[in-house]
Amino acid sequence: MNNVAFHNAGAGFGIYQASHVRLVNNTSFDNVQKDSVICGSEIHISGTDSIPSNDILLRNNVMAARGPDMRSLNVSYHEAHPPVDVRLDHNLHFHWPETDEGTRLVGFTWHYASGEEEGVCLNLAEYQDFSFHGISGLGVGAVFASPLLENYAAGDFRLQEGSSAIDGGSAE
């Protein structure tokens, strides 16, 4: 809780083949600095055909992505182990330099045993009304807007007055 991931080579936070994870009250900003990453994300959750990631709570986080193919959040699962008890709520999603409700920031990929995959990238309205192979209510309390950071370039990730992230989270 209460961590900042900034300007890393890979995702700011990754949940891979893990269970009972709580990622709450964090900021992930301008990560995936490695050129070889084609479509990266600030936070990545995934399981594989042999080991799932279940009982995941992602709440009250600020995810601010930069770059043409970047996403704030990417969720990837294999059909052999569909997601169980995954909750993604009250997170602020942003794509630098501008974001509006039509910006596609959240990606979901489903991997089939045949090797084929199905993927979508969603804007705010799609995300709030999206069900992903048994997970529903994914975008509860989601906001797609600038977090209004004080001065991220100088390492100041405090929120400015008027930020949608102030009092926008869940108290649970």
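To be clear, the structure that these remarks concern was listed above.
What counts, and where the lines are drawn
Residues numbered from 1 in each chain as written. Predicted model: local features only at pLDDT ≥ 70, side-chain atom pairs only at ≥ 80, totals over all residues. Heavy atoms only, no water. Salt bridge = Lys/Arg side-chain N within 4 Å of Asp/Glu carboxyl O. Helix = DSSP H or I, 4+ residues; strand = E, 2+ residues; numbered from the N terminus. Buried < 20%, exposed > 50% of the residue type's maximum accessible area, 1.4 Å probe, protein only. Contact = heavy atoms within 4.5 Å. Phe/Tyr/Trp six-rings, centres within 6.5 Å; stacked < 30°, edge-to-face > 60°. Pairing = 2+ DSSP bridges. Core = buried A, V, L, I, M, F, W, Y, C linked by side-chain atoms within 4.5 Å.

**Student:** An account of the pattern of salt bridges is needed here, citing residue identities and associated values.
**Tutor:** Counted according to the given criterion, the structure contains seven salt bridges. In this structure, Arg-87 engages Asp-55 in a salt bridge whose closest nitrogen and oxygen atoms are separated by 3.9 Å. Residue Arg-87 is located in strand β9 (residues 86–89), and its partner Asp-55 is located in strand β6 (residues 54–59); the two are separated by 32 residues in the primary sequence. Residue Asp-55 is classed as buried on the basis of its relative accessible area, which comes to 15%. The closest approach of N and O atoms between Asp-156 and Arg-158, which form a salt bridge, is 2.7 Å. The exposed category is assigned to Arg-158, whose relative accessible area is 54%. Taken together, the salt bridges that share partners define one network made up of Arg-22, Asp-55, Asp-85 and Arg-87.

**Student:** Please give an account of the side chain of Asp-30 that cites residues and values.
**Tutor:** Mapping Asp-30 onto the fold places it in the loop between β4 (27–29) and β5 (41–46). Ignoring sequence-local partners within four residues, the contact set of Asp-30 consists of Phe-6, His-7, Asn-8, Glu-42, Ala-64 and Arg-66.

**Student:** Give me the lowdown on the packing of aromatic side chains, citing residues and values where you can.
**Tutor:** Applying the stated criterion across every chain, the model contains 11 aromatic pairs. Here Phe-108 and Tyr-127 contribute two aromatic rings whose centre-to-centre distance is 6.3 Å and whose plane-to-plane angle is 35°, an arrangement assigned as tilted. Taken together, the residues span a long stretch of sequence, with Phe-108 in strand β11 (residues 106–111) and Tyr-127 in helix α1 (residues 124–128) at a distance of 19 residues. When sorted by exposure, Phe-108 lands in the same class as Tyr-127, which is buried. Site record: aromatic cluster; members linked through ring pairs are Phe-6, Phe-29, Phe-94, Trp-96, Tyr-152 and Phe-157.

**Student:** Tell me what's going on with the pairing of strand β12 (residues 117–122), and back it up with residues and numbers.
**Tutor:** Across six bridges, β11 lies against β12 in antiparallel orientation. Residue pairing in the sheet places Val-106 in a bridge with Leu-122 of β12. What sits between the antiparallel neighbours β11 and β12 is a turn of five residues, in which Gly-115 has the positive phi angle 100°.

**Student:** So, the sheet that holds strand β1 (residues 4–6): which residues are in play, and what are the values?
**Tutor:** Taken in spatial order, the five strands of this open sheet run β1-β4-β7-β10-β13, and their pairing is parallel. In this open sheet, the two strands that pair with only one neighbour each are β1 and β13 (143–144). In terms of strand pairing, strand β10 (residues 92–95) meets β13 through two bridges, oriented parallel. Residue Leu-92 lies in a different strand from β13, and its bridge partner there is Val-143.

**Student:** So what's going on with the nonpolar core? Which residues, and what values?
**Tutor:** Counting 29 residues, the largest nonpolar core has Ile-45, Leu-73, Leu-88, Phe-108, Tyr-127 and Phe-132 as the members making the most contacts within it. Mapped by element, the contributors of at least two residues to this core are β2 (13–16), β3 (19–24), β5, β6, β8 (71–78), β9, β11 and α1. Discounting chain neighbours no more than four positions away, the residues touching Leu-73 are Ser-41, Ile-43, Ile-45, Leu-58, Met-63, Leu-88, His-93, Leu-105, Val-106, Gly-107 and Tyr-127. Listed in part, the eight residues of the second largest apolar core include Val-62, Ala-64, Leu-92 and Phe-157.

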